[in-house]
Amino acid sequence: MANVNKESRHLLISEVDHEINPGPLNIQFDSPDLRSKRPFYIEPTNIVNVNNAIQRVSDHASAMNKRIHYYSRLTAPADKALIAPDHVVPGPEECYVYSPLGSAYKLESYTEGYGKNSSLVTIFMIWNTMMGTSILSIPWGIKQAGFTTGMCVITLMGLLTLYCCYRVVKSRTMISSLDTTTWEFPDVCRYYFGSFGQWSSLLFSLVSLIGAMIVYWVLMSNFLFNTGEFIFNFIHHINDTDSVLSTNDSNPVICPSAKSGGHPDNSSMIIFYANDTGVQQFEKWWNKSKTVPFYLIGLLLPLLNFKSPSFFSKFNILGTISVLFLIFLVTLKAVHLGLHLEFHWFTPTEFFVPEIRFQFPQLTGVLTLAYFIHNCIITLLKNNKNQENNVRDLSVAYMLVTLTYLYIGVLVFASFPSPPLSKDCIEQNFLDNFPSSDILSFVARIFLLFQMMTVYPLLGYLARVQLLGHVFGDIYPSIFHVLVLNLIIVGAGVSMACFYPNIGGIIRYSGAACGLAFVFIYPSLIYIISLYQEERLTWPKLIFHIFIIILGLANLIVQFFM
Amino acid sequence: MPNTAMKKKVLLMGKSGSGKTSMRSIIFANYIARDTRRLGATIDVEHSHVRFLGNLVLNLWDCGGQDTFMENYFTSQRDNIFRNVEVLIYVFDVESRELEKDMHYYQSCLEAILQNSPDAKIFCLVHKMDLVQEDQRDLIFKEREEDLRRLSRPLECACFRTSIWDETLYKAWSSIVYQLIPNVQQLEMNLRNFAQIIEADEVLLFERATFLVISHYQCREQRDVHRFEKISNIIKQFKLSCSKLAASFQSMEVRNSNFAAFIDIFTSNTYVMVVMSDPSIPSAATLINIRNARKHFEKLERVDGPKHSLLMR
């Protein structure tokens, strides 16, 4: 799930900015408004880089300097009325450090960026934001596409979405007539497509958010159910894996969908030897699809109604820990189970799937959401200290994400014990392949459960801000509006958990839908339009980008035929 | 018999949002304590204690704004507002899309002036010129000036083009102040004599509240044409800092191996700045000269006193 933390990242950045109080006339404060700290004068101690050629500053410039200096004393720092507009101040390459003796030093490196994050931190933040719960569906996706096809598709999708992300980052620079320093990608869409662009980007953003929240609900019900079952079985010393197809092992791998071939949650089919009414009662009240989703309502609905979720953003670190633990778990299991790979190119066998399958679009759908960061990449890259390294850092981050997905996907797929079980058994949530008594996956489920419980209110807040903010103009019109919205979202989650808890399916549908706009269509279309306006549009570029748009459309349409 | 006790007004008028409050803040070194854009119309009546040139009081009015409340108040107070006006400064926003309306409001102000203070001097400022492309500025300003001159008849108006982002604002206001001083030629002649006597390189006479240059004498070409505005901005900024400590600025001496400059209170309404390029002359000598000259110039002001309410102590 790509938008586990990316939306919350966006939230975090803007929240942090509001809290900083800019001091007057100090070049080093972290104000998001670059104009208010134009370096037309700099204290000598802040000179970082000094040229040896000393030049006299012109009279006009020094008069302007004094003027700006004086005007800035007349108003509060937040007042924009007397801040020098762009057309009046010389361009950044003409800015000098002016010392009172009339000599001037030109600053070597003056860039638009004012961020203080090193490349490493930026790369980590991008990786962290992209890593989400869609990682649980990657092995299933590889299974659906075939091993070879799966690996190729993961790499190619990574490259394609990286290129589209690069287009998103560059889209702002094509607009020269306005000050775009505070713009995010939806603002760029609004500039090019008017209010249609604004509303459609809102709609698609909401699709991704609500899709994410539904998947979260399904997963949370799943994890809560398994946790409860583990605790119950642990207390009552029950071993329940005998009835399900599994390997003969101390730490078995199970195939929950073996009997009915399709329904992933059949925990109600677990039959116990002991005729224990207590157990049957428990089983009646603790059911993955019938009761647990409803218990979650009592837990999460109150959390959704909070006005400000900044409390929850403190738990951001749980996401990273969860992913790292998953990597550790997968490595351990792979070492324990060994590799089971056989290559059959086109025909399926009893235990293996062919290398090339025609259901690979299901994998591309999942990957569209797994590589999705396009609506907040601009904000993430803004804080990069060396802006000229933006493209390089972005590429490195995407490469790391691809490697992580490949690692987990390939290891889970390859180490899945195929002689007793068929590769077809790999679940849409690969943790489902471990019984609830497995200790490692129990710990993983607990981590993920807590992490999702803290991110769920953040996602709800983002959905609320975007929807209510645009429709009613106020992000908290009244408790009644907010409650209705939350009930709708929670209701969607609960009904999906009850009737269609296939997270792979939900991820690929919502991924393909919102990816259509933000990943494929908007960046390419904006690039084509801006090139056309500058009359630099060539046939190869046009064809290539139209091809990307067609790919996006095909991605979405084909999801419905699979 | 002139009523010298009654305050004479300088009216600063114009459409809401045309830049009057910023202009006043910059010229008079007033701290703007609020976001001028957010609060909309400025209602600035008796609370403006900004005075200059002796007993002139600056009044700011929004004229022709969208606010009907303001319009009604304005219309009902018309006679009050336009009585006893010495100077009308009308600010036009060069970017305004409603030229007809602007002219209409300007004309109605002129009618009121004709009725209540027919002797008032009228100045029109075409403001925010920095938003116009450089090669078009002269053209657009000439066009507007012609229109305004035509509309103002039988009254005479002087037009300036201004922008707070270059020296034109300061120059325009300096010209306005220059025209308001009755005996300015005599002042200049005396200033020249004074400068030559004390062997100064340059002598400037500033208005006390705004540090607008009233008159100056220089014995040779100076390199920096923007020096007046720069000095004014520097001193105003220094005054702001002083006022934060509840101190008031009185005088300053700046000296290095090349020159010595003295800024001191001169008459009740002016400051003087004397620049000596011969550093061997001791400060005490120059200060004595300034002190003696002060008496002379005060007498000059008092001579014309009863006839004009300007420069009255």
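Residues numbered from 1 in each chain as written. Chains lettered and ligands numbered in written order. Predicted model: local features only at pLDDT ≥ 70, side-chain atom pairs only at ≥ 80, totals over all residues. Heavy atoms only, no water.

With an unreviewed UniProt entry as reference, chain B is termed Ras-related GTP-binding protein, source organism Octodon degus. What UniProt states about chain B under its Sequence similarities (unreviewed entry) heading is, verbatim, "Belongs to the GTR/RAG GTP-binding protein family." (UniProt positions renumbered as here; feature names shortened; annotations may be inferred.)

Going by the annotation in an unreviewed UniProt entry, the name recorded for chain A is Neutral amino acid transporter 9, with Loxodonta africana given as the source organism. For the record of chain A, the UniProt heading Sequence similarities (unreviewed entry) holds the text "Belongs to the amino acid/polyamine transporter 2 family. SLC38A9 subfamily."

For the rest of this paragraph, the subject is the overall build of chain A. If you tally the helices and strands in chain A, you get 16 helices and three strands. The buried share of chain A, reckoned over its 562 residues, is 56%. Approximately 24,700 Å² of chain A is accessible, and the part contributed by carbon and sulfur atoms is 66%. (Helix = DSSP H or I, 4+ residues; strand = E, 2+ residues; numbered from the N terminus. Buried < 20%, exposed > 50% of the residue type's maximum accessible area, 1.4 Å probe, protein only. Areas by Shrake-Rupley, 256 points an atom, 1.4 Å probe, with all protein chains shown as cover.)

Bringing unusual backbone geometry into the picture now. Residues and elements named next belong to chain B. For the bond running from Arg153 to Pro154, omega is 10°, close enough to zero to count as cis. Here Pro154 is to be found in the loop between helix H6 (137-152) and strand S7 (157-161). For Glu199, which is not glycine, the phi dihedral falls at a positive 60°. Here Glu199 falls in the exposed class, since its relative accessible area comes to 56%. Phi is positive for Ala246, which is not a glycine, with a value near 60°.

Before going further, it helps to examine the pairing of strand S5 (residues 85-93) of chain B. All names here are of chain B. Among the nine residues that make up S5, nine are buried, leaving the element largely enclosed by the rest of the structure. Here strand S1 (residues 8-14) pairs with S5 via six bridges, running parallel. In the sheet register, Leu12 faces S5, and the bridge partner there is Ile89. Where S5 and strand S6 (residues 121-127) come together, seven bridges link them in parallel fashion. The residue bridging Val87 from the neighbouring strand is Lys121, located in S6. For the crossover that starts at S5, traverses helix H5 (residues 99-116) and ends in the parallel S6, the hand is right-handed. (Pairing = 2+ DSSP bridges. Right-handed = clockwise from strand over helix to strand, strands pointing away.)

On to the sheet that holds strand S12 (residues 270-276) of chain B. In a beta sheet, neighbouring strands are held together by backbone hydrogen bonds and run either parallel or antiparallel to one another. Residues and elements named next belong to chain B. Spatial ordering of the open sheet is given by S9-S8-S12-S11-S10, a layout of five strands whose pairing is antiparallel. Two strands bound the open sheet, and with one partner strand each, they are strand S9 (213-218) and strand S10 (252-255). Going from strand to strand, the sheet's axes swing by 10° on average, the running direction of each strand aside. Sheet analysis places strand S11 (residues 260-265) next to S12, joined by six bridges and oriented antiparallel. The residue bridging Ile265 from the neighbouring strand is Tyr271, located in S12. Taken strand by strand, helix H8 (residues 184-198) contacts strand S8 (202-207), S9 and S12, and its axis lies near 40° from that of S9. (Axes fitted to C-alpha atoms, helices over the stretch in contact; angles between N-to-C directions. Contact = heavy atoms within 4.5 Å.)

Okay, the environment of Leu304(A) next. All names here are of chain A. Structurally, the position occupied by Leu304 is in helix H8 (residues 292-304). In this structure, the C-alpha to C-alpha distance between Leu304 and Val482, residues 178 residues apart in sequence, is 8.8 Å. Beyond its immediate chain neighbours, meaning those up to four positions away, Leu304 contacts Met213, Tyr456, Pro457, Gly460, Arg464, Asn486 and Val490.

All names here are of chain A. The buried count for helix H10 (residues 360-370) comes to 10 of 11 residues, which makes it a mostly enclosed element. Regarding H10, the residues found buried are Pro361, Gln362, Leu363, Thr364, Gly365, Val366, Leu367, Thr368, Leu369 and Ala370. Among the structural elements, helix H3 (119-130), helix H4 (138-145), helix H5 (147-171), helix H12 (390-415), helix H15 (503-533) and helix H16 (539-559) are those in contact with the buried residues of H10.

Quick look at a nonpolar patch on the surface now. A cluster of nonpolar side chains, contributed by Leu341(A), Phe343(A), Trp345(A), Phe346(A) and Ile356(A), occupies part of the molecular surface with about 510 Å² of accessible area. By the element assignment, Phe343(A) lies in the loop between helix H9 (317-337) and H10. (Patch = residues over 30% accessible without salt bridge, like charges linked within 9 Å, V, L, I, M, F, W, Y side chains within 5 Å. Salt bridge = Lys/Arg side-chain N within 4 Å of Asp/Glu carboxyl O.)

The pairing of S10(B) with S11(B) spans four bridges and is classified as antiparallel. Bridge pairing in S11(B) places Met252(B) opposite Ile263(B).

This part is about the packing of aromatic side chains. Taken as a whole and judged by the stated rule, the model has 31 aromatic pairs over all chains. Centroid distance Phe372(A) to Phe518(A): 6.1 Å. Interplanar angle 70°. Geometry classified as edge-to-face. Here the residue Phe372(A) occupies a position in the loop between H10 and helix H11 (377-382), and Phe518(A) occupies one in helix H15, the gap between them amounting to 146 residues. Considering the side-chain rings of Phe28(B) and Trp173(B), the 6.1 Å spacing of their centres and the 90° angle between planes classify their relative orientation as edge-to-face. Linking Phe28(B) in helix H1 (residues 20-28) with Trp173(B) in helix H7 (residues 168-180), this pair joins segments that are 145 residues apart in sequence. The same class applies to Phe28(B) and to Trp173(B), which are both buried. By the ring-pair criterion, three or more aromatic residues cluster together here, those being Phe206(B), Phe211(B), Phe238(B), Phe249(B) and Tyr271(B). If you follow Arg167(A) out to its NZ or CZ, it ends over the ring of Tyr527(A), 3.4 Å from the centre. (Phe/Tyr/Trp six-rings, centres within 6.5 Å; stacked < 30°, edge-to-face > 60°. Lys NZ or Arg CZ within 6 Å of the ring centre and 35° of its normal.)

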